[in-house]
Amino acid sequence: MRRKLYILILLIFAWQSAQSQSDNVRENVLIHANGSHHLVGENIHYTLFCVSSKTGRISPLSKYAYIQIVGEEGVVYQKKHELSSGVASGEFFAASSLKTGQYYIVAYTRWMRNFEDYSKASLTIINPYQSYDNPKLDSINEPTIAFKPLSKMMVGVNNRIAFKLGSSISHNENISVRLTGLEGEKSQSLAYDTNGIGNFDISPDTANNFRIVIDRADRGFEFIDIPNGSKNVANIHIEHLKESIKVNVNSPEIGEFVIMHHDSIVYTRKIEKGNKEINVSRNQLPPSKLKAAIKDDAGRELAGYSLYNSQLISEETNQAFKSRQLVSLSQFLETGVYSISVRKASSMGFDHHFVLPKIYNPNFSGATNFSYEYLENLNAIYNEDNKAPLRKEVSFLPEHKSELMTGRVTFLDGSVAAQKPIILTLGESTFNIASSITDEYGRFLIEYETLSRGNFEAYVTVYDFENEYDIRIEDNFISDFPDLNFKPVFLDSSFVQEITDRAVQSQIENAFYLPSTYENNARIIPVIENSDFTSSYSFDDYTRFKTIEEHFVEYIAFARVRKNRPNGFLVSTPYLELDFKYPALVVLDGIPVSGKALLEFSPYRIKKVDVFNSRFFLQGNFFDGVVNFTSIDGGLGGFANLDNTLQLQMEGASDSKTKSISKPLENINIPDQSIQLLWESPYRVVQEGTKEFSFFTSDLSGDFEMIIEGVTSKGSPISVIKKFNVKNPNNEKD
């Protein structure tokens, strides 16, 4: 008889002792969605890119990511995704029960929760079937004007200041905005776009500062003072040229001027005290968001400036396409991973792009030209890059190889239950279990793995039936988002026609929609296979007795009933060197149960029993043998005595297989009102070059866009928009 040792090893850091000396431990999740404005009845497709905050490259730390869609009334969708080389994709159907308003797509890894980090993208959902009143512009809670210097304010030199006007001002043509000195001198009119965003340069001195004068024709004047400058500070001023970047550096001491990509220095120059002009070629820098800084000899930062050397690549094809035509568009891509969306262009709001600053205003209308300077204005106004400092201790270990479950066990009186074996059972009628031992505070951490993609029942058991316990499981999903700012959505009258058209189109699409079949192969990873058991006994092959105990007395070898033993059973072993001192593991339909309670169960409901007669190692717990019962009906067969067991519903992590949507030409009598022509994610490029993307147009005419978002192997974000037009010969409007 062969001897088998089943050893499952979990390498765990100390519960709260993981130390981080480098910012490279931090992760970030980039979110690409197929639009920022959706109607109920439409599918919201998304891709998650888990990257290192230090390098921008795909992070190898986490294997799982979490996504939630959050509205003012709470979470409306959440999903756990298995990352494939750092990327995952999925979709969310916007149900008709959702109200019109601003929502957020929130994404994070378990590890990111240690630093209170999560990524977010603004999402507007419109329900045309429910009444909605636009907010009055004056009721939108915004400051009249917000200022943000792009570097530290310094007297006697040029300082660039970005600003944003409140909606009640920027949308009012009868208001003028001027920059003046305190006495009204040096007056100049300020230019801003439809979002109220602009910038200006000032050179303040100690005797003469500046203010903004807002002339409201119906309310008179409003004066807002601009913050004063200081003498003993450092300052950076940047001017963007076509091939280079002109930098004016003003430093109060000898030091160094650096440009960083994430946390890596990509340009450095020694500087003296005073003013220095530096010209940097764009080709010397990565095409990405950068950080310019002045540092002293000790490496301390004296001044910073968020610098953009990347732009949104947008081009329009000259070729027009017909409806229901096979289309092929090409684009040069570097090695990396991408997400591709081909969709009808929208006049509502503005989509999020990786190369742009994060914008969370649902009423942001976009811009005609995202220049380097404009991107820096946006970053200054909307920047939320302030990170919580690194911690010496962490509470959430990364899900690097497997999924993790944490919780706490107490006795019913609330006292700590330390050093207690905990067993997690995933699914019934299997032997997919994992275990842990509570620490001195009653806490436990279980590492488990399942390939189930759907919902399934799970059981958490304290494997000690001599006492009663309370079991609490900690949720890996975030439950509270206090810093999410939900702004009222303003629906412009110009949106009415698009909303009406899309509402009709989604109804037609859903009427003819055939859901793709998906086999939920809930294949899990059993700890013990059936062939591993020493012996197996089918009760129908023998005489059935009135009690389970009699079966063990009459013919079941290697196991005996011993009511004085923990859990009521004793397994015998031929290995004389093993001193069987641990309790046997008693299982019914894959779920650990009290052996003493099972002895009172009807044997006429038992199909068979399997015995494993060697020592069984399971993630820190030891069992001297396994007695595995299988009921006739399955699902515990009516056994209800689940002492010290918490039953819960779990959902397996969604797979990370490539999702691709491209409808071929089909029956012309079936209408095709698709606004989403292609969604392919993840799209991996292992060798740079020109790539072809093919898809079919639908019956819809108008302007369409192919949007590519991704991350190169060097850690640079990429955003590409290709615009094209589709004409339907049967549509008179064309």
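Structural notes on the packing of aromatic side chains
Here's step 1: This model, assessed by the stated rule, comprises 32 aromatic pairs.
Here's step 2: Ring geometry for F601 against F639: centres 5.4 Å apart, planes inclined by 90°, an arrangement best described as edge-to-face. Taken as a pair, F601 in the loop between helix 5 (595–598) and strand 37 (606–618) and F639 in the loop between strand 38 (621–631) and strand 39 (645–651) lie far apart in primary sequence, 38 residues in all. For the pair shown, F601 and F639 are each scored as buried.
Here's step 3: An aromatic cluster is built from Y463, F465, F612, F616 and F623, whose rings are joined through pairwise contacts.
Here's step 4: One Lys or Arg, K120, reaches over the ring of Y360 and ends 4.5 Å from the middle of that ring.

Some thoughts on the side chain of S506
Here's step 1: Position of S506 relative to the elements: it lies in helix 3 (residues 496–511).
Here's step 2: Setting aside chain neighbours within four positions, we find S506 in contact with V40, G41, E42 and Y129.

Remarks on the sheet that holds strand 10 (residues 159–165)
Here's step 1: Strand order across the open sheet formed by three strands is 9-10-13, with antiparallel pairing between neighbours. Here the strands that pair on one side only, and so sit at the sheet edges, are strand 9 (145–149) and strand 13 (197–202). On average, adjacent strands in this sheet sit at an angle of 25° to one another, irrespective of strand direction.
Here's step 2: Bridging between strand 9 and strand 10 involves five bridges; their strand directions are antiparallel. Within strand 10, the position partnered with A146 by the bridge is K164.

As for unusual backbone geometry
Here's step 1: Along the chain, S681 connects to P682 via a cis peptide bond; the corresponding omega equals -5°.
Here's step 2: Of note, F558 is a non-glycine position whose phi angle comes to about 70°, a positive value.
Here's step 3: Considering the arrangement of structural elements, one finds F558 in the loop between helix 4 (548–554) and strand 33 (559–561).
Here's step 4: Its identity is not glycine, yet D589 carries a phi of approximately 50°, on the positive side.

Focus on the sheet that holds strand 36 (residues 591–592)
Here's step 1: Sheet architecture is open: five strands sit in the order 32-37-38-35-36, paired in mixed fashion. Strand pairing shows two members of the sheet lacking a second neighbour, strand 32 (535–538) and strand 36, which therefore form its edges.
Here's step 2: Where strand 35 (residues 585–588) lies against strand 38, four bridges are found, and the strand directions are parallel. Within strand 38, the residue paired with V586 across the bridge is V627.

Quick notes on the pairing of strand 21 (residues 289–296)
Here's step 1: Counting buried residues in strand 21 gives six out of eight residues, a clear majority hidden from the surface.
Here's step 2: Taken together, the six bridges between strand 18 (residues 255–261) and strand 21 define a ladder with antiparallel strand orientation. Paired with F257 across the two strands is I294, which belongs to strand 21.
Here's step 3: Bridge count between strand 21 and strand 22 (residues 301–308): seven bridges; the pairing is antiparallel. Within strand 22, the residue paired with K295 across the bridge is E301.

Section: the pattern of salt bridges
Where charged atoms from two side chains of opposite charge approach closely, those side chains can pair.
Here's step 1: Evaluation of the coordinates by the stated rule reveals 24 salt bridges.
Here's step 2: The partner of R615 in a salt bridge is D624, and the shortest N-O contact between them spans 2.7 Å.
Here's step 3: R615 sits in the buried class, given a relative accessible area of 11%.

Brief notes about the pairing of strand 14 (residues 210–216)
Here's step 1: Taking burial as the measure, the seven residues of strand 14 include five buried ones, the bulk of the element.
Here's step 2: Pairing of strand 11 (residues 175–181) with strand 14, which is carried by seven bridges, proceeds in the antiparallel orientation. Looking at strand 14, one finds that R178 is bridged to V213.
Here's step 3: Two strands pair when backbone bridges link them, and strand 14 and strand 15 (residues 220–225) are joined in this way by six bridges, in the antiparallel orientation. Across the sheet, residue I214 finds its bridge partner in strand 15, namely E222.

Thoughts on the confidence of the model for the protein chain
Here's step 1: Per-residue confidence for the protein chain gives a mean pLDDT of 85; residues scoring 70 or more make up 86%.
Here's step 2: Segment residues 1–22 is flagged for pLDDT under 50; beyond a separation of four residues in sequence, or across chains, it makes 51 contacts in the model.
Here's step 3: Within the model, the stretch residues 515–524 combines pLDDT values under 50 with 15 contacts to residues more than four positions away or in other chains.

Notes on the side chain of S89
Here's step 1: Along the polypeptide, S89 turns up in strand 6 (residues 87–93).
Here's step 2: Within the structure, S89 has its side chain in polar contact with the backbone oxygen of S681 (distance 3.4 Å).

Quick look at helix 2 (residues 372–382)
Here's step 1: Judged by how many residues are buried, helix 2 sits mostly within the fold: nine of eleven residues are covered.
Here's step 2: Of all the residues in helix 2, the buried ones are Y372, Y374, L375, E376, N377, L378, N379, A380 and Y382.
Here's step 3: Looking at the buried residues of helix 2, the elements they touch are strand 9, strand 10, strand 13, strand 16 (235–240), strand 21 and strand 22.

Considering the environment of R324
Here's step 1: In this fold, R324 is placed in the loop between strand 23 (313–322) and strand 24 (326–333).
Here's step 2: Accessibility expressed as a relative area gives 15% for R324, which makes it buried.
Here's step 3: Considered as a pair, R324 and S698 are 374 residues apart in the sequence and their alpha carbons are 4.9 Å apart.

With respect to the environment of G442
Here's step 1: Among the secondary structure elements, G442 is positioned in the loop between strand 28 (433–437) and strand 29 (443–448).
Here's step 2: Accessibility expressed as a relative area gives 0% for G442, which makes it buried.
Here's step 3: Aside from chain neighbours lying at most four places away, what touches G442 is G407, R408, V409, V416 and A417.

Some points on the nonpolar core
Here's step 1: By size, the foremost hydrophobic cluster in this structure holds 41 residues, and its most contacted members are F552, L585, L598 and F629.
Here's step 2: With six residues, strand 37 is the largest single contributor of residues to this core.
Here's step 3: Sequence-distant contacts of L598, defined by excluding residues within four places in its chain, comprise I548, V586, L588, V593, F629 and F639.
Here's step 4: Of all hydrophobic cores here, the second largest spans 35 residues; its members include V70, Y104, A121 and Y360.

Cut-offs applied
- Residues numbered from 1 in each chain as written.
- Predicted model: local features only at pLDDT ≥ 70, side-chain atom pairs only at ≥ 80, totals over all residues.
- Heavy atoms only, no water.
- Phe/Tyr/Trp six-rings, centres within 6.5 Å; stacked < 30°, edge-to-face > 60°.
- Helix = DSSP H or I, 4+ residues; strand = E, 2+ residues; numbered from the N terminus.
- Buried < 20%, exposed > 50% of the residue type's maximum accessible area, 1.4 Å probe, protein only.
- Lys NZ or Arg CZ within 6 Å of the ring centre and 35° of its normal.
- Contact = heavy atoms within 4.5 Å.
- Pairing = 2+ DSSP bridges.
- Axes fitted to C-alpha atoms, helices over the stretch in contact; angles between N-to-C directions.
- Salt bridge = Lys/Arg side-chain N within 4 Å of Asp/Glu carboxyl O.
- pLDDT = per-residue confidence, 0-100.
- Polar contact = N/O pair within 3.5 Å; in protein donor to acceptor, adjacent residues only side chain to side chain.
- Core = buried A, V, L, I, M, F, W, Y, C linked by side-chain atoms within 4.5 Å.

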